Amino acid sequence: MNRVDAGHNSPLSVRLDTPTGPLFVKGLPDTSPGRVATQRREYEIGRHLGGLAPRARWEIRAGGWYLVAFDHLDGARQADYRPGSPDLPAVAALLRSVAQHRVPGAVELRRAEQRLAAYGTREQLRHVVGGTLLHTDLNPENVLIAGGGTPRLVDWGWATVGAPWLDAAAWAVWLVAYGHTPEAAHGWAGRVPAYQRAAPAALRAYAVMASAMWEDVAAASTAPWTGTVLSAARSLASWHDRSPSRGR
């Protein structure tokens, strides 16, 4: 058993070597109901994602801990979002696949309009309503590139149901944070057909709400990267406001 650096929200993150192959095991003290519920949601969704994510193998409560296990991605690295990265087309293809994936019927998920309720008006929130499974946290640490350049999405604890273009829109914010211009980020997000079909008003509404959300995140964190993402969200929102018909 070896400790790994992934799974920053889990006190326990280890690689477990078993007779049938290596597993990635995450654990939380069983005394934090909210965090345990989030991790259990990740496990339940992981049972239905096919090749989009490492397969969920088992869950167990023992010794005051809640543990979940997933297939370990040997040799995987986080995606490179910088301009010119060869990972970008593969990530766009992954988001196309996610946008077509059915919501697991047995898993209870919050809706996008609920998650963003504190950051938008009723008019803005109506744009994010939908029935598509969303990851919502497109931090490159959650996009692992496995053998052959195949990307996999991990950490599905914030999975949500909403409009099919929302993951691509969230990815665009991260692309700006990693050095893309808003126009270039919009272009990459546009490789996801659902985003390309989204109304300009919907993209503007989400950009405004994403900026407000990242203001809250940055205000509550001492991590410098949150300020970088906040600046990116603001930049993208400003671009959408100036460019109501671009990409149409």
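Cut-offs used in this document
- Residues numbered from 1 in each chain as written.
- Predicted model: local features only at pLDDT ≥ 70, side-chain atom pairs only at ≥ 80, totals over all residues.
- Heavy atoms only, no water.
- Helix = DSSP H or I, 4+ residues; strand = E, 2+ residues; numbered from the N terminus.
- Rg over C-alpha atoms; globule rule 2.2 N^0.38 Å.
- Buried < 20%, exposed > 50% of the residue type's maximum accessible area, 1.4 Å probe, protein only.
- Lys, Arg positive; Asp, Glu negative; His and termini not counted.
- Charge placed at Lys NZ, Arg CZ, Asp CG, Glu CD.
- Salt bridge = Lys/Arg side-chain N within 4 Å of Asp/Glu carboxyl O.
- Contact = heavy atoms within 4.5 Å.
- pLDDT = per-residue confidence, 0-100.
- Expected span 1.5 Å × (residues − 1).
- Core = buried A, V, L, I, M, F, W, Y, C linked by side-chain atoms within 4.5 Å.
- Arc of directions from axis to C-beta.

### Things to note about the overall build of the chain
Here is step 1 of the chain: What the chain contains, in helices and strands, is 9 helices and 11 strands.
Here is step 2 of the chain: Relative to a compact globule of 248 residues, whose C-alpha radius of gyration would be 18 Å, the chain shows 18 Å and is just as compact.
Here is step 3 of the chain: C-alpha atoms of the chain, sized along the principal axes, occupy 55 × 35 × 35 Å.
Here is step 4 of the chain: Here the chain, with 248 residues, has 48% of them falling under the buried criterion.
Here is step 5 of the chain: Counting 27 positive and 21 negative side-chain charges, the chain places the centres of these two groups 5 Å from one another.

### What to know about the pattern of salt bridges
Note that side chains of opposite charge can pair when their charged atoms are close.
Here is step 1 of the chain: Summed over the entire model, instances satisfying the criterion amount to 15 salt bridges.
Here is step 2 of the chain: Arg 47 is the partner of Glu 44 in a salt bridge, and the nearest nitrogen-oxygen pair spans 3.0 Å.
Here is step 3 of the chain: According to the relative accessible area criterion, Arg 47 is partly exposed, its value standing at 48%.
Here is step 4 of the chain: Across the pair Arg 126 and Glu 123 runs a salt bridge, and its minimum N-O distance is 2.8 Å.
Here is step 5 of the chain: For Glu 123, a relative accessible area of 45% puts it in the partly exposed group.

### Regarding the environment of Gly 162
Here is step 1 of the chain: Along the chain, the position of Gly 162 falls in strand E11 (residues 160-162).
Here is step 2 of the chain: Here the alpha-carbon distance between Gly 162 and Val 14, two residues 148 residues apart in the chain, equals 32 Å.
Here is step 3 of the chain: For Gly 162, the contacting residues outside a window of four places in its chain are Ala 112, Val 128, Val 129, Gly 130, Gly 131, Thr 132 and Leu 134.

### Let's talk about the confidence of the model for the chain
Here is step 1 of the chain: Averaged over the chain, the pLDDT score is 90; the fraction of residues at 70 or greater is 94%.
Here is step 2 of the chain: Taken together, the stretch residues 1-8 has pLDDT below 50 and engages in 18 contacts with residues farther than four places along the chain or on a different chain.

### Quick notes on helix H8 (residues 200-219)
Here is step 1 of the chain: The end-to-end C-alpha distance of H8, which contains 20 residues, comes to 29 Å, matching closely the 28 Å that a straight helix rising 1.5 Å per residue would cover.
Here is step 2 of the chain: Along H8, the positions that sit buried rather than exposed are Ala 202, Leu 203, Ala 205, Tyr 206, Ala 207, Met 209, Ala 210, Ser 211, Trp 214 and Ala 218.
Here is step 3 of the chain: Its buried side turned inward, H8 meets helix H4 (122-125), helix H5 (166-177), helix H6 (182-189), helix H7 (193-197) and helix H9 (224-242).

### A word on the nonpolar core
Here is step 1 of the chain: In this structure, Tyr 81, Trp 156, Trp 165 and Trp 171 are the most contacted members of the largest nonpolar core, which totals 60 residues.
Here is step 2 of the chain: Put simply, the parts of the chain that give this core at least two residues each are helix H2 (88-99), strand E8 (132-134), strand E9 (143-145), H5, H6, H7, H8 and H9.
Here is step 3 of the chain: The element that contributes the greatest number of residues to this core is H5, accounting for 11 residues.
Here is step 4 of the chain: Leu 28, Ala 56, Tyr 66 and Val 68 belong to the second largest nonpolar core, which has 7 residues in total.

### Points about H6
Here is step 1 of the chain: Listed in full, the buried residues belonging to H6 are Pro 182, Ala 185, His 186, Trp 188 and Ala 189. Summarising the axial view, the buried residues of H6 lie within an arc of 160°, below the 170-degree limit, and thus occupy one face.
Here is step 2 of the chain: Tucked into the core, H6 has its buried residues touching H2, H5, H7, H8 and H9.

### Considering the side chain of His 127
Here is step 1 of the chain: Looking at where His 127 falls in the secondary structure, it is placed in the loop between H4 and E8.
Here is step 2 of the chain: For His 127, the contacting residues outside a window of four places in its chain are Ala 163, Trp 165, Ala 201, Ala 202 and Ala 205.

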